[in-house]
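A structural walkthrough
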Amino acid sequence: MLYDMPLYRPPSEAYSLIIQVTLGCSHNKCSFCSMYKSKKFTIKSLEQIKEEIDYFRKQYSNVEKIFLADGDALIIQTEKLKEIFKYIKFKFPECERISLYGSPKSILRKSVEELKEFKELGLYMIYMGIESGDNFVLQSIKKGCNSDELLEAALKVKESNIVLSTTVIAGLGGVEKSKNHAINTGILISKINPDFLGVLTLMLEENTELYEKNKTGHFKPLSDKEILEEIKELVKNIDVKKKCVFRSNHASNYISLKGVLPKNKENLIRDINVSIKNNYFKSENLRGL
Ligand code: SF4
């Protein structure tokens, strides 16, 4: 087995070849996330990465898309990352795009010039988890950055002309911060104008701090209906000028929403209203415990 499990990739990378250049997440502190709790963050050696690329070349005759896992491949030192891109291009000349997860901190450590060089070498898209635009929520989930830093990181990606795909999480502020979370996240997304925005819904998972907070009554999760109200508030507060593909159709979501902002904003709000009015969501139960 070449992969160190568990292995995660964005849904849109379902048909990509995954090359695990790092293991785990460099941050690994977010209070809602259990993804890489079992892994110690490691950056593989260039030698090992090249060996794995050689191995995959022998296995696959045609690879159009490559995703560099695990949690934060962009943290790799610039010269080494450039070597990886060059080696991928050398071994997979048919590859049309390379994508990876980039944490805001890792993006901030790179200059726009470095990001532009990565683009020249084949980096097509960076997936960045925003989670929330509200500073109180960001602090309480231990994201490790504030909304200004998220904005700065995102704008750097945009300036380098690398496609930016972002995600936010409905319900992350709980009942107490729901309104602020929705409004401030909408405001941040408006300033960033990402190419893609995915809205997930909070799932309380065992082995996370947020799960424990919920158990001890220190975090009150939203009901299904409140989640939809929050997503509606978020959409209302998004005012992007350029095309942003909006998706809220992850397995965690109660209803499936798709559209392109700003064009489909009113349609999205209408769809959410119809779902709320007709109870097109799972139940009135509270999410979590
Ligand atoms: S949410 Fe992302 S940055 Fe936070 S711990 Fe999980 S993988 Fe790491």
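How each quantity is defined
- Residues numbered from 1 in each chain as written.
- Predicted model: local features only at pLDDT ≥ 70, side-chain atom pairs only at ≥ 80, totals over all residues.
- Heavy atoms only, no water.
- Salt bridge = Lys/Arg side-chain N within 4 Å of Asp/Glu carboxyl O.
- Helix = DSSP H or I, 4+ residues; strand = E, 2+ residues; numbered from the N terminus.
- Buried < 20%, exposed > 50% of the residue type's maximum accessible area, 1.4 Å probe, protein only.
- pLDDT = per-residue confidence, 0-100.
- Contact = heavy atoms within 4.5 Å.
- Polar contact = N/O pair within 3.5 Å; in protein donor to acceptor, adjacent residues only side chain to side chain.
- Near = heavy atom within 4 Å.
- Nonpolar A, V, L, I, M, F, W, Y, C, P; charged D, E, K, R; others polar.
- Pairing = 2+ DSSP bridges.
- Axes fitted to C-alpha atoms, helices over the stretch in contact; angles between N-to-C directions.
- Core = buried A, V, L, I, M, F, W, Y, C linked by side-chain atoms within 4.5 Å.

1. Thoughts on the pattern of salt bridges
The full count for this structure, using the stated rule, is 16 salt bridges. Measuring nitrogen to oxygen at the nearest pair gives 3.9 Å for the salt bridge that ties aspartate 4 to lysine 39. On the criterion of sequence distance, the pair formed by aspartate 4 in the segment before strand S1 (17-20) and lysine 39 in the loop between strand S2 (22-23) and strand S3 (42-43) is long-range, its members being 35 residues apart. A salt bridge links aspartate 239 to lysine 241, with the nearest nitrogen and oxygen atoms 3.2 Å apart. Relative accessible area serves as the criterion here: at 45%, aspartate 239 is assigned to the partly exposed category.

2. Quick notes on the confidence of the model for the chain
Taken residue by residue, the chain gives an average pLDDT of 95. The fraction at 70 or more is 97%. With pLDDT under 50 throughout, residues 284-289 is counted as low confidence; its partners more than four residues away or in other chains account for 21 contacts.

3. Structural notes on the environment of threonine 201
As for its position among the elements, threonine 201 is in strand S8 (residues 196-201). In this structure threonine 201 comes out as buried when scored by relative accessible area, which is 4%. A polar atom in the side chain of threonine 201 sits 2.8 Å from the side chain of asparagine 253.

4. A few points about the site of the ligand
Neighbouring residues of the ligand: Cys25, Asn28, Lys29, Cys30, Phe32, Cys33 and Tyr36. Broken down by class, the residue content of the shell around the ligand amounts to 5 nonpolar, 1 polar and 1 charged.

5. Some details on the sheet that holds strand S9 (residues 244-248)
Taken in spatial order, the 8 strands line up as S1-S4-S5-S6-S7-S8-S9-S10 in an open sheet, and their pairing is mixed. With one partner strand each, in any of the chains shown, S1 and strand S10 (257-261) form the two edges of the open sheet. Averaged over all neighbouring strand pairs, the angle between strand axes comes to 20°, with direction disregarded. Here 3 bridges tie S8 to S9, and the two strands are oriented parallel to one another. Residue leucine 197 lies in a different strand from S9, and its bridge partner there is phenylalanine 246. Across the face of the sheet, helix H9 (residues 224-236) comes into contact with strand S7 (163-170), S8, S9 and S10 while running at roughly 140° to S7.

6. Thoughts on the nonpolar core
Of all hydrophobic cores here, the largest spans 64 residues; its most connected members are Ile19, Ile66, Leu68, Leu74 and Ile126. For leucine 68, the residues in contact, after removing those within four places along its chain, are Ile19, Val21, Ala73, Ile84, Phe85, Ile88, Ile98, Ser99, Leu100 and Tyr101. Listed in part, the 12 residues of the second largest apolar core include Cys33, Ile141, Leu172 and Tyr211.

7. Re the side chain of glutamine 20
With respect to the helices, strands and loops of the structure, glutamine 20 is situated in strand S1. In this structure the side chain of glutamine 20 is engaged in a polar contact, spanning 2.8 Å, whose partner is the backbone oxygen of aspartate 4. Those residues within four positions of glutamine 20 in sequence are excluded, and the remaining contacts are Leu2, Tyr3, Asp4, Pro6, Leu7, Lys39, Lys44, Glu52, Ala69 and Asp70.

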